[in-house]
2 protein chains.
Amino acid sequence: MTTEEKIFNSARIIFQKKGFAGARMQEIADEAGINKAMLHYCFKNKQLLFEAVFMNAFGQLAPQINDIFSSNDSVFDKIRKFTHSYISFVIQNPYLPQFVIQEMNNNPAFVMSFLKNENRPNPTLLVSQIEKEIADGIIKPINPKQLLMNIISLTVFPFAAQMMVKGMLQISDAAFNQMMEERKTSIAEQIINSIKR
Amino acid sequence: MTTEEKIFNSARIIFQKKGFAGARMQEIADEAGINKAMLHYCFKNKQLLFEAVFMNAFGQLAPQINDIFSSNDSVFDKIRKFTHSYISFVIQNPYLPQFVIQEMNNNPAFVMSFLKNENRPNPTLLVSQIEKEIADGIIKPINPKQLLMNIISLTVFPFAAQMMVKGMLQISDAAFNQMMEERKTSIAEQIINSIKR
DNA sequence: ATCTTTGTTAACCAAATGGTTAAACCGTAT
DNA sequence: ATACGGTTTAACCATTTGGTTAACAAAGAT
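Residues numbered from 1 in each chain as written. Chains lettered and ligands numbered in written order. Predicted model: local features only at pLDDT ≥ 70, side-chain atom pairs only at ≥ 80, totals over all residues. Heavy atoms only, no water.

Undergrad: For the domain arrangement of chain A, give the residues involved together with the corresponding values.
TA: Residue and element names in this part refer to chain A. Along its sequence, chain A is carved into domain 1 (1–44) and domain 2 (54–195). In this structure, domain 1 and domain 2 have C-alpha centres spaced 29 Å apart. Facing eight residues of domain 1, the contacting portion of domain 2 comprises seven residues. Where domain 1 abuts domain 2, roughly 530 Å² becomes buried across the two surfaces, and 62% of that area is made up of carbon and sulfur atoms. For the pair domain 1 and domain 2, the number of links is zero salt bridges. Applying the counting rule to domain 1 against domain 2 returns one residue pair in polar contact (both at pLDDT 80 or more). Considered class by class, the residues forming the side of domain 1 that touches domain 2 number three nonpolar, two polar and three charged. (Domains from an automatic or database assignment. Contact = heavy atoms within 4.5 Å. Buried area = accessible area lost by both parts, 1.4 Å probe. Salt bridge = Lys/Arg side-chain N within 4 Å of Asp/Glu carboxyl O. Polar contact = N/O pair within 3.5 Å; in protein donor to acceptor, adjacent residues only side chain to side chain. Nonpolar A, V, L, I, M, F, W, Y, C, P; charged D, E, K, R; others polar.)

Undergrad: Explain the relation of the copies chain B and chain A residue by residue, including any values.
TA: Between chain B and chain A, which share one sequence, the superposing operator has a rotation angle of 180° and an axial displacement of 0.0 Å; the RMSD is 0.1 Å. These values place the two chain copies in the arrangement generated by a two-fold rotation axis. Residue S194 of chain B, judged by its C-alpha, is the member of chain B lying nearest the rotation axis, at 2.4 Å. Comparing contact sets, 100% of the residues at the interface of chain B also lie at the interface in chain A, consistent with an isologous, same-surface contact. (Least-squares fit on C-alpha atoms with pLDDT ≥ 70 in both.)

Undergrad: Quick one: what's the story with the protein's contact with DNA strand C, residue by residue and with numbers?
TA: Residues in contact with DNA strand C amount to 14 residues; listed here are only the nearest, R24, K36 and K46 of chain A together with T3 and Y41 of chain B. Close to the protein, within 4 Å, the atoms of DNA strand C are drawn from sugar and phosphate at a rate of 58%. The contact in question runs from a base oxygen of DNA strand C to an N or O atom on the side chain of K36 of chain A, over 2.5 Å. Residue N35 of chain B places a side-chain N or O atom 3.1 Å away from a phosphate oxygen belonging to DNA strand C. (Near = heavy atom within 4 Å.)

Undergrad: Outline the protein's contact with DNA strand D, supporting the account with residue identities and numerical values.
TA: Near DNA strand D you find 14 residues, and of these N35 and M38 of chain A together with R24, K36 and K46 of chain B are the closest. Residue Y41 of chain A places a side-chain N or O atom 3.1 Å away from a phosphate oxygen belonging to DNA strand D. Looking at the surface near DNA strand D, the elements that each hand over two or more residues are α3 (36–43) of chain A together with α3 (36–43) of chain B. The class makeup of the residues in the surface near DNA strand D is seven nonpolar, four polar and three charged. (Helix = DSSP H or I, 4+ residues; strand = E, 2+ residues; numbered from the N terminus.)

This is the structure in structure tokens:
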């Protein structure tokens, strides 16, 4: 592993745990086991190091959504595939959703730079497919954007609010992961059940 | 408005916008239009000022959940009342959910102190009521905690991830609020629809 | 009137923090 | 061997930041 990779991985860990404002350059250097000056040698400054980490995180999350949502499957199958693969991915990267949401809220100006990104999640295709299936009588009449919001909410929220959820429901890490495993299939069936004619 | 109230309100604004780590004592003082030393005169230090704000925020969110969830209504009516009143409240306080979630994730030790709070959301009653209605054949057999998670997810997530949602769906503030208004009733019906026998 | 308590401020301080610099290290081509 | 390029570090620096102090003002209490 190159020094640059070591720094990047350590920065990912620290930024995702503490956010941009809470992260300390020294802590990242310690985590990587190198001198603080190396951070600046490799990544110029905190902002650029952060952006590298954030872009990477976002770049992992976004394409998956597009891949599945732009396939040739029916809406129902897309929902099934999305929830399953997305939860699988996030179980492996449990800090990611909260990290992305937090930094987008704390730094709205930053959000704008992603709206132009070609890899950004683009739901227009799925929206028109939903409209078509509504017209065809496969799906009940609903606002497609509301449906999309429901899918994302049910999938992402438990991870984003992990600590609160564990605290409120009084469940252990293991029990939480067990519940997330169940959700891989249960969410899709619940959504489909509520919108099918 | 007393000086203490001015400080508290300003602190609420700044902490909710930037989080604990990102907030600056000077910025809070400026927002309140007073000298920085007054912050320490009234609230001792940053941590205690933050805790006052956080407790207040949490204290506004939590009781509402309990009030509704411990009433004598059926599960369906509880879901209807909860989603409606909760979304109404959060529309007026759109920063609250993300603030609470963020600080709970960034400071897990802090979470623990709330598990003992008498006002913490306590879902045990609702869970057993759900189990009863399942046994009575009113509700399909499901994991009550999953149902609870679904209700919270659909209600809170769009607010917690507001910036991301607006960016992804390409909607304005007004369109967002309009969608949230719709959700006051649509979420409840969607959930009920998916679990009723 | 003056003493005391409470509220308020300007100036100050020590520690933390992001960032820089100049020197040392190290493999390699000459 | 040595000169050279990129890599790495210890020491340093300027600024920011949370927090303190001592003086000042205002309002009751005696």
